Amino acid sequence: MKYKGKFGEYGGFYVPEVLMPALEELEEAFYKYYQDKEFVTQLNKLLGDYAGRPTPLYYAARFSERLGLKVFLKREDLLHGGAHKVNNTLGQGLLAKFMGKTKLIAETGAGQHGLATAMIGALFGFDTKIFMGTTDIERQSVNVHKMKLCGAEVIPVEGGTGTLKDAINDALRYWTANVTDTFYLFGSACGPHPYPTVVRHFQSCIGKETRRQCLEKIGSLPDMVVACVGGGSNAIGIFSGFLGDKDVRLIGVEAGGEGIKTGKHAASLVAGRIGVLHGSKAYLLQDEQGQVLETESVSAGLDYPAVGPEHCLLKDTGRAEYVEADDDDVLDAFELLSKSEGILPALESAHALAYLCSVKESLSPDITAVVNLSGRGDKDVGIVEKYRPVMTK
Ligand SMILES: *Cc1c(COP(=O)(O)O)cnc(C)c1O
């Protein structure tokens, strides 16, 4: 491959030989089209008319008052599909079209990426297959129905624990046998090169817009930008707009889950060691023997044992800070935003809010924070009810 896709020692493409031609073809096509005038024009039109960009930067006055600092929300929750994921699926879907592919495959855990891919599959008229673990299919039946309504085929993955990790393995395996007509639409800024670079690029619209909106609305850059981190795509999307602004603190919040008590969590950057998973070197949750650990969190969308390579480098250089929020604090933050603003955040995004709630005492009232509200919480109402029945009484 022409570019190595390394972020310091992280990233790369640790994949079987048979997969190399597919990744090379994708790399070549990405660099051919990502700045191509026709491609950019078509993508921008779709981001506007189909997805609903630009999303607002909203000053959350009542939430700010409760916290004692100024909080702006980047409203990715208002996008079509209810999350930032459509930025990436539109970008990669259009790339697939420009490459002349006719079939899409994708992996999904919670079903959000599967659904965002199924939407785009319908939009472009692709034959779409979504690989999903059998455990997840059971847990996320609403999203399974939605994917099918968009015309996608949901392929149950029996192996392992029937979750995201297994779905990615099967999707990669299927891809090796069907590379000629099939595009693998990867869901986050991780996995083998060129995906971390491709996904970062298609999510960088969040950071570009946010920086411009801060200058317009606040008249200056924010003191901190906070985002939740699963694989790392919404976080790298917003961070990318501020990497050169050394005075802006960048904070990524991982899922502590119940992990602080039980050892089960999804905080790869906070608690992982360097390893290789799904073709990429990164911080990874593993046991002493190097076995990948099960992750567990109240928000299924953050349940991934590894993280994108660029975040690993940003952690090592200290440019970004990574922390974890546990389930209880996340549910508190969910409730606080819902009650103070009438905005139900996705439980993933509530991790970023929970971080602010946890440090509010140590921050001065003139601090301005931007939180990437990566998605809306409608999908999580059932989970919230289960954990906090009093909240909905
Ligand atoms: C999928 C998802 C995430 C986690 O994915 P990243 O790649 O880390 O952004 C976060 N928030 C929402 C709403 C999601 O749907």
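First, a word on scope: everything that follows refers to the structure included in this document. (Residues numbered from 1 in each chain as written. Predicted model: local features only at pLDDT ≥ 70, side-chain atom pairs only at ≥ 80, totals over all residues. Heavy atoms only, no water.)

As a further point, take the sheet that holds strand β10 (residues 249–257). In space, the six strands of this open sheet follow the order β3-β4-β14-β9-β10-β13, with mixed pairing throughout. Pairing within the sheet leaves two strands with one partner each, and these edge strands are β3 (57–59) and β13 (320–326). Taken over all neighbouring pairs, the strand axes of this sheet differ in orientation by 25 degrees on average, direction set aside. In the sheet, strand β4 (residues 70–74) pairs with strand β14 (residues 368–372) via five bridges, with the strands oriented parallel. Its bridge partner being in β14, Leu 73 is matched across the sheet by Val 371. Those strands touched by helix α15 (residues 347–359) are β4, β9 (224–228), β10, β13 and β14, and its axis lies near 140 degrees from that of β9. (Pairing = 2+ DSSP bridges. Helix = DSSP H or I, 4+ residues; strand = E, 2+ residues; numbered from the N terminus. Axes fitted to C-alpha atoms, helices over the stretch in contact; angles between N-to-C directions. Contact = heavy atoms within 4.5 Å.)

To continue, consider the pairing of β4. Counting buried positions along β4 gives four out of five residues, so the element sits mostly inside the fold. Both β3 and β4 contribute to a ladder of three bridges, which runs antiparallel. Within β4, the residue paired with Tyr 58 across the bridge is Leu 73. (Buried < 20%, exposed > 50% of the residue type's maximum accessible area, 1.4 Å probe, protein only.)

Per the stated rule, a full pass over the model turns up 18 aromatic pairs. Relative to Phe 126, the ring of Phe 124 has its centre 6.0 Å away and its plane inclined at 65 degrees; by these criteria the two rings are edge-to-face. You can call Phe 124 buried: its relative accessible area is 17%. For the ring pair Trp 175 and Tyr 184, a centre distance of 5.7 Å and an interplane angle of 80 degrees mean the geometry is edge-to-face. Tyr 184 matches Trp 175 in its accessibility class, with the two residues each being buried. By way of ring pairs, the aromatic residues Tyr 3, Phe 30, Tyr 31, Tyr 33, Tyr 34, Phe 39, Phe 98 and Phe 202 are connected into one cluster. For the cation-ring pair, Lys 315 lies above Tyr 283, with the distance from its terminal atom to the ring centre recorded as 5.2 Å. (Phe/Tyr/Trp six-rings, centres within 6.5 Å; stacked < 30°, edge-to-face > 60°. Lys NZ or Arg CZ within 6 Å of the ring centre and 35° of its normal.)

As paired strands, strand β11 (residues 273–277) and strand β12 (residues 280–284) are joined by five bridges and run antiparallel to one another. Along β12, the bridge assignment pairs Ile 274 with Tyr 283. From the end of β11 to the start of β12, which pair antiparallel, there are two residues, and His 278 there has a positive phi angle of about 50 degrees.

Let's shift gears to the sheet that holds strand β7 (residues 153–157). Overall, parallel pairing links the four strands, which are arranged β7-β6-β5-β8 in an open sheet. Because the sheet does not close on itself, it has two edges, and the strands there are β7 and β8 (182–184). In this sheet, adjacent strand axes meet at a mean angle of 25 degrees when their direction is disregarded. In terms of strand pairing, strand β5 (residues 103–108) meets strand β6 (residues 127–133) through six bridges, oriented parallel. Considered in β6, the bridge of Thr 108 is made with Met 132.

Quick look at the site of the ligand now. What surrounds the ligand is a group of 18 residues, the closest being Lys 85, Ser 188, Gly 230, Ser 233 and Ser 374. Separating an oxygen atom of the ligand from a side-chain N or O atom of His 84 is a distance of 3.0 Å. Relative to its unbound accessible area of 390 Å², the ligand is 97% covered by the protein chains. Class assignment for the residues of the shell around the ligand results in five nonpolar, eleven polar and two charged. (Near = heavy atom within 4 Å. Polar contact = N/O pair within 3.5 Å; in protein donor to acceptor, adjacent residues only side chain to side chain. Areas by Shrake-Rupley, 256 points an atom, 1.4 Å probe, with all protein chains shown as cover. Nonpolar A, V, L, I, M, F, W, Y, C, P; charged D, E, K, R; others polar.)

With that out of the way, let us pick up the nonpolar core. Proteins that are soluble and globular tend to have nonpolar side chains buried together. Judged by nonpolar contacts, the single largest core of 58 residues is most densely connected at Leu 90, Leu 95, Ile 120, Trp 175, Phe 183 and Tyr 184. For this core, the element with the highest residue contribution is helix α1 (residues 20–33), accounting for seven residues. For Leu 90, the contacting residues outside a window of four places in its chain are Leu 43, Leu 46, Leu 47, Tyr 50, Ala 51, Ile 120, Leu 123 and Phe 124. Core analysis: the second largest hydrophobic core is formed by 35 residues, Leu 67, Leu 73, Phe 334 and Met 391 among them. (Core = buried A, V, L, I, M, F, W, Y, C linked by side-chain atoms within 4.5 Å.)

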